[in-house]
Structure formats: C-alpha cells, structure tokens
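Commentary on secondary and tertiary structure
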Amino acid sequence: QVQLVESGGGSVQAGGSLRLSCGASVYIYSSYSMAWFRQAPGKEREGVASIAIDGSASNADSVKGRFTISRDNAKNTLYLQMNSLNPDDTAIYYCAAGSVRWPSLSPALYDYWGQGTQVTVSS
C-alpha cells in the first residue's frame, strides 16, 4: 500500500546536518523524476530539490550550496543531504515522484507523495 516512505528527520542545532531518505517501490522509483518538497506551518508547500532518472538535478535558490539531492538506483532510494541547517529550514519534508521528463520543483507535476518527515532546526 505504502509506495514512498521518508526517514531521517529529527531535531538538530543550527549549523548541523541531516540526511533524509525516501524508500520507493520499484514502479514509483522508475518515474522520470523524484523530488523533495517541504512545508512549514502557515506557508505553502515549496520545492527543495528534484532529480531525474539520468541524474540531472535542480535545487531551489534557498538551498543551493547547502543541500544535495541524489538517488541510489540499486536500492530504489532517494536522498537529501542537508548541511549548514538553519531555523528557516524547519518544516515537514516530503518525498515525491512523477512522470515528468525534467527535474521540476512544481508540486502539481508530481503524482505520488510520501507522508513526510519532520525536520526541526534550533538556534
């Protein structure tokens, strides 16, 4: 029943690091692109990073130089390495997959979603 499952969230101090993982079914993982989104209380869901099956990726300006998206095709797993975290990164992070040809940060282009994992960054 569950096709995308996030893990790796938690609480860290500002400047710390976390690595999020998203395990996917073979079918879902085979989608053209996968992505990470996040949503903080009172704010709209925003794209964080996206990666296509060929490895091409796109990052939001707010995380460039700090976050790295990657995928392990042998394990059907998507990752988000987050470094230099700050309190503005606090949000629920969602894994998503969609049949899009290019890495996109638009939520409307993704068909499958995980239930999210909480990331909290304290000062």
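Placed above this text is the structure.
Attention here is on the structure that accompanies the text. (Residues numbered from 1 in each chain as written. Predicted model: local features only at pLDDT ≥ 70, side-chain atom pairs only at ≥ 80, totals over all residues. Heavy atoms only, no water.)

Moving on: the state of the cysteines. Summed over all chains, the structure comprises 1 disulfide. The side chain of C22 participates in a disulfide bridge whose partner is C95; the two sulfur atoms lie 2.1 Å from each other. An S-S torsion of about -75° defines the bridge between C22 and C95 as left-handed. With C22 in strand β3 (residues 18–24) and C95 in strand β9 (residues 91–98), this pair connects stretches of sequence that are 73 residues apart. Here C22 falls in the buried class, since its relative accessible area comes to 0%. (Disulfide = S-S within 2.5 Å. Helix = DSSP H or I, 4+ residues; strand = E, 2+ residues; numbered from the N terminus. Buried < 20%, exposed > 50% of the residue type's maximum accessible area, 1.4 Å probe, protein only.)

In this section: the pairing of strand β8 (residues 77–82). Most of β8 sits out of view: 5 of its 6 residues are buried. Here β3 runs beside β8; their pairing, made up of 6 bridges, is antiparallel. Each bridged residue has a counterpart across the sheet, and for C22 the counterpart in β8 is L78. Sheet topology note: the strand β7 (residues 67–72)/β8 ladder contains 6 bridges and is antiparallel. (Pairing = 2+ DSSP bridges.)

When you tally the buried positions in strand β5 (residues 46–52), you get 6 out of 7 residues, the bulk of the element. Pairing between strand β4 (residues 33–39) and β5: 6 bridges, direction antiparallel. The residue bridging M34 from the neighbouring strand is I51, located in β5. Connecting the antiparallel pair β4 and β5 is a turn made up of 6 residues, with G42 showing a positive phi of about 80°. Here β5 runs beside strand β6 (residues 57–59); their pairing, made up of 3 bridges, is antiparallel. Counterpart to A49 in the pairing with β6 is N59. Turn length for the β5-β6 hairpin, with the two strands adjacent in sequence and antiparallel, is 4 residues, and the turn residue G55 shows positive phi of about 95°.

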